Amino acid sequence: MNESELFKSTKQRELHGAYLLHGAEELTKQEAVERIKEVLDPSFRDLNMDTLKMPTAQSLLSACDQLPFFDEKRLVMVKDWDATQLEACLDKLDSLPSSTILLFVRRGDEKSTTALYSRLDKQNRVVEFPKLTEDRAISMVLRESALMGCSIDRVVARQLIMMVGTDAYRLRNELSKAAGYVGTGNTITEAALKIAATPSVEYNVFNLLNYLLAGNKRAGLRLMKEMIQDGQSALQIAYFLEGRLRLMLHAKELLATKTPQKDAIKQLGGNPKAAEIALKNANKQDYNKLCAAVRSLAEVDIKLKQGAMRDEEALTLAICRCF
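Residues numbered from 1 in each chain as written. Predicted model: local features only at pLDDT ≥ 70, side-chain atom pairs only at ≥ 80, totals over all residues. Heavy atoms only, no water.

### Digging into the pairing of strand β2 (residues 49–53)
Consideration 1: Note that β2 and strand β3 (residues 74–80) share 5 bridges and pair parallel. Residue pairing in the sheet places Lys53 in a bridge with Asp80 of β3.
Consideration 2: On the question of chirality, the crossover connecting β2 to the parallel β3 by way of helix α3 (residues 57–65) is right-handed. (Pairing = 2+ DSSP bridges. Helix = DSSP H or I, 4+ residues; strand = E, 2+ residues; numbered from the N terminus. Right-handed = clockwise from strand over helix to strand, strands pointing away.)

Spelled out as structure tokens, the structure:
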């Protein structure tokens, strides 16, 4: 069962029995839970809803067997559980009262090898909430901005996604800051995002690397210092820089074998746009210099652990040596 099917079943009040909700996207998962809660009569919702953590098999079945109070449905949510306890009552989950909706809500992903997953998956009762794709994230930004009383076009929405990623909670928070900055009835622009939104480390590192590859070491070091002053760890910056350069090395190897761009982007994985940029940048760089830069950035952690340098000193030295 996917998100759309769950939404349809919820809207048509067809939910009954046990379901497993899991996946990386926490906001859309929580929104699905809130919609399911709305199936219950609001006047008696508190009486017809139980939230359990680490229940025993007996306490779980007992909660599920209770009849709803002046309503058609009763909701039992389990937010953390012991696999051993569940195995003792899995067979009985197939015969729950038709009035009971049982939700197992896992933060993050549930392993497909678990007994609970296997059991419910066979019944099409596992709902995954995967990370948002760029298109879904753009749709969300456009929808949320309208709810906040502002407008934003697709180009600016994509810029926000590049700045903060596709995590829905983060997107909503940063969009809210930008909406508050421009005010109700106004348009969120790229200029407003630069002032109001807080970019992710990955985005800043992306810009930092662009400065360095373009030969603008002064601007790169200035951005590095600003990131550290904003609370980012120099070691974390080194880690992300090293990761970007390793991606470029892989891109360089694919270019050397004349791999078609479409296939190369797939092999690089991750964000297709980032992979395309890595291919473009790699084409302009010397392979041996890229290798030397990766080694130098990897040494930042070593020097820190040896006590030879502070992390910021080691990162600055690595950047000055490589670019």
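Following the structure, the description resumes.
### Considerations on empty space enclosed by the protein
In this approach, a probe sized like a water molecule rolls over the atoms, and the result shows the empty space that is left.
Consideration 1: Considering all chains together, one arrives at 1 cavity of 30 Å³ or more under this definition.
Consideration 2: Looking at the largest cavity, its volume works out to about 50 Å³.
Consideration 3: Considering the residues around the largest cavity, the lining is formed by Phe206, Leu209, Asn210, Leu213, Arg244, Leu247, Met248, Ile277, Ala278 and Asn281.
Consideration 4: Elements represented by at least two residues in the lining of the largest cavity include exactly α10 (201–213), α12 (234–256) and α14 (272–282). (1 Å grid on protein atoms, 1.4 Å probe; cavity = no way out; pocket = protein on both sides within 12 Å on 5 of 7 lines; lining within 4 Å. Points joined across faces, edges and corners; volume = space filled by probe spheres on them.)

### As for the nonpolar core
Consideration 1: Grouped together as the largest cluster of nonpolar side chains are 37 residues, with contacts concentrated most on Leu241, Leu245 and Leu315.
Consideration 2: Elements that contribute at least two residues to this core include exactly α10, α11 (217–229), α12, α13 (261–268), α14, α15 (287–306) and α16 (311–322).
Consideration 3: It is α12 that contributes the most residues to this core, 11 residues altogether.
Consideration 4: In contact with Leu245, not counting residues within four places along its chain, are Leu209, Leu290, Ala293, Val294, Leu297 and Phe323.
Consideration 5: By size, the runner-up hydrophobic cluster in this structure holds 26 residues, among which are Leu27, Leu132, Val156 and Ala157. (Core = buried A, V, L, I, M, F, W, Y, C linked by side-chain atoms within 4.5 Å. Buried < 20%, exposed > 50% of the residue type's maximum accessible area, 1.4 Å probe, protein only. Contact = heavy atoms within 4.5 Å.)

### Here's the deal with the layout of surface pockets
Consideration 1: Taken as a whole, the largest pocket encloses approximately 930 Å³ of empty space.
Consideration 2: Contributing to the lining of the largest pocket are 30 residues, with Met162, Glu202, Arg244, Asn271 and Ala274 lying nearest its centre.
Consideration 3: Within the residue set of the lining of the largest pocket, elements represented by two or more residues are α7 (154–164), α10, α12 and α14.
Consideration 4: Considering each element in turn, the lining of the largest pocket owes the most residues, 5 residues, to α12.
Consideration 5: Classifying every residue of the lining of the largest pocket gives 14 nonpolar, 8 polar and 8 charged. (Nonpolar A, V, L, I, M, F, W, Y, C, P; charged D, E, K, R; others polar.)

### Focus on the state of the cysteines
Consideration 1: Summed over the entire model, instances satisfying the criterion amount to 0 disulfides.
Consideration 2: With no disulfide of its own, Cys291 lies closest to Cys322 among cysteine sulfurs, the gap being 11 Å.
Consideration 3: Left unpaired, Cys320 is separated from the closest cysteine sulfur, that of Cys322, by 9.3 Å.
Consideration 4: You can call Cys320 partly exposed: its relative accessible area is 36%. (Disulfide = S-S within 2.5 Å.)

In short, shape yes, function no, at least from these values alone.
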